[in-house]
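For reference, the chains in residue letters:
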Amino acid sequence: METEIGNLDQPTVLIISDDPEFSGAITGRWQSERSTPAFTLMKGDLCQGMDPDTFAVAIVGAVRAGGLAAALRALEPAGQPVLLVSEDSRTARDVREAHPRIMVLRQHEGWLDSLVLIVTESLRRSEMMDRLKRAERAGAHLQHQATLGTYMLEMRHSLNNALTSVLGNSELLLLDPGQLSAAARSQIETIRNMSLRMHEV
């Protein structure tokens, strides 16, 4: 079962647990914080094919035996921060060895405070990385625009030289109307007028 608590403007924390009390303890503890993320609650057997864009940080805890490894494997390709809350020191050690990118928090006295601190810092880091990516994209776009502008400035000189030649020759031809037929004169006037328009552009 999957439920969502919060709104779309907040970062989303995914909580994967088969124990509703675990999820309730986390969401309840967060109510005392100044800034509360949105929460998506999910059971351990439902997290296959996870879309990484739907959450910023994942918290895994109190998942049935056998479901933990599958849940962690499903989350790992997403590349988002994952925090495992474990009561068992052996499970914590095994997860650290098998999944070095996953943070492990032992469930001891005060673990909720530690969890809030870690996840809050992870959310800040995630937000900074998003800003950095947006700034890099904007910088690449500006670089492209600058390159295009430089090219246009360089080409303007060459284009103006060619237009000056076309305009000058068409004006010279039009100065002696007796040498041209009416059709040729009309065509040369069109060449001159279009050249003037291109020069204005």
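Our structure is the block above this text.
1. A few points about unusual backbone geometry
Residue A62 is not a glycine yet carries a positive backbone phi of 55°. Within the secondary structure, A62 sits in the loop between β4 (57–61) and α2 (67–75). Its relative accessible area of 37% is what places A62 among the partly exposed residues.

2. Quick notes on the pattern of salt bridges
Scanning the entire structure with this criterion turns up 7 salt bridges. A salt bridge links E171 to R192; the nearest nitrogen and oxygen atoms lie 3.9 Å apart. On the criterion of sequence distance, the pair formed by E171 in helix α4 (residues 111–175) and R192 in helix α5 (residues 182–200) is long-range, its members being 21 residues apart. For E171, a relative accessible area of 34% gives the class partly exposed. When the shortest N-O distance is used, the salt bridge between E189 and R185 registers 3.7 Å. In this pair, E189 and R185 both sit in helix α5, 4 residues apart, roughly one turn of the helix. A residue is classified by how much of its surface remains accessible, and R185, at 27% relative accessible area, is partly exposed. Via salt bridges that share partners, R29, E33 and D113 belong to a single interconnected network.

Criteria and thresholds
Residues numbered from 1 in each chain as written. Predicted model: local features only at pLDDT ≥ 70, side-chain atom pairs only at ≥ 80, totals over all residues. Heavy atoms only, no water. Helix = DSSP H or I, 4+ residues; strand = E, 2+ residues; numbered from the N terminus. Buried < 20%, exposed > 50% of the residue type's maximum accessible area, 1.4 Å probe, protein only. Salt bridge = Lys/Arg side-chain N within 4 Å of Asp/Glu carboxyl O.

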